[in-house]
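# Observations on the three-dimensional arrangement
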Amino acid sequence: MGDGRWANDEGRWRMMLSFLDVLLASLLLVITIVISVKLRLGLAKTLIIAGVRTIVQLSLIGLILAWVFARESAWQVLTILSIMTLIAAFAAKHRVKRPYHGLLFDTIASLSVATGVITLLAMTLILKITPWYRPQYIIPILGLILGNSLTAISLTTNNLINDIHDKKSFVIAKLSLSATPFEATHAFIKNAIVNGMMPTVNSMMVVGLVSLPGMMTGQILAGADPTQAVRYQIVTMFFICAGSTLASTLAALLVVKRFFNARGQLVIPEIKHKH
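I will try to describe carefully the structure that is included in this document. (Residues numbered from 1 in each chain as written. Predicted model: local features only at pLDDT ≥ 70, side-chain atom pairs only at ≥ 80, totals over all residues. Heavy atoms only, no water.)

Here the structure, examined in full by the defined rule, presents three aromatic pairs. Geometrically, the ring pair formed by Tyr 100 and Phe 259 is edge-to-face, given 6.2 Å between the ring centres and 85 degrees between the ring planes. Of this pair, Tyr 100 sits in the loop between helix 4 (74-94) and helix 5 (103-126) while Phe 259 sits in the segment after helix 10 (226-258), placing them 159 residues apart in sequence. Of the two residues, Tyr 100 and Phe 259, neither departs from the other in class, the shared state being buried. Both rings, one in Trp 132 and one in Tyr 133, keep their centres 5.6 Å apart while their planes meet at 90 degrees; by these two values the pair is edge-to-face. (Phe/Tyr/Trp six-rings, centres within 6.5 Å; stacked < 30°, edge-to-face > 60°. Helix = DSSP H or I, 4+ residues; strand = E, 2+ residues; numbered from the N terminus. Buried < 20%, exposed > 50% of the residue type's maximum accessible area, 1.4 Å probe, protein only.)

Nonpolar side chains collect at one region of the surface, where Leu 20, Leu 23, Leu 24, Leu 27, Val 30 and Val 34 lie side by side and expose about 550 Å² of accessible area between them. When contributions to the nonpolar patch are tallied by element, the ones reaching two or more residues are helix 1 (19-26) and helix 2 (29-38). Ranked by residue count, the leading element in the nonpolar patch is helix 1, at three residues. Following the sequence through the fold, Val 30 ends up in helix 2. Relative accessible area serves as the criterion here: at 45%, Val 30 is assigned to the partly exposed category. (Patch = residues over 30% accessible without salt bridge, like charges linked within 9 Å, V, L, I, M, F, W, Y side chains within 5 Å. Areas by Shrake-Rupley, 256 points an atom, 1.4 Å probe, with all protein chains shown as cover. Salt bridge = Lys/Arg side-chain N within 4 Å of Asp/Glu carboxyl O.)

Written out as structure tokens, the structure is:
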């Protein structure tokens, strides 16, 4: 214990990482860069940029969170949550191959409602945190839900837009038989939401058997009781699942609304071509 890398926290020992430890870990990227160069994958530059961004972005957010945690100001916390949601919405929008005008608004609306509702329920009814905006809880929980929800939204939106574009004759035929827009696209909506939920469902199927999730691993490394770490991981997995499902469903319904006018006629929105 003499090297100062361990600290005693209420009778539990937890490891303390130094800047040298982080530097040594960053050298592991050399392995992936060498593989990229040897196999001509063309990822060396991207890996270097990604590594630098990881260090810079997380270091900055660490300083910001330390500042926010010390104050517990509601408006400061809500500002950070809003910025996180906007960044996630932009990321989800840029993953859509056939973006249309209004997609960003639909993505922001889906993410805001889904993650906002689930996070608020988690903080008030399940975790019972007082005050509900306590930053050390709400920021990481919202981050977990956002990260998975943006993936679900992008997959759902991509699938639904592609299906409507590629099978519009089928949709028109259903409409001619007096089907509503929802009825005409129900099969596409179902397929899109299921596809969007697959990453979350797959991770839930193997959690604890194949992988130990980051939140649980982090708590154990920090010296937390493993049984409590497991319980926190269980509830966060359910938060993530509910958030992804709600976000995917809202995104699908908003996409369908864009593709039909007030009279229920199919109207393909203008596609914003990526440059």
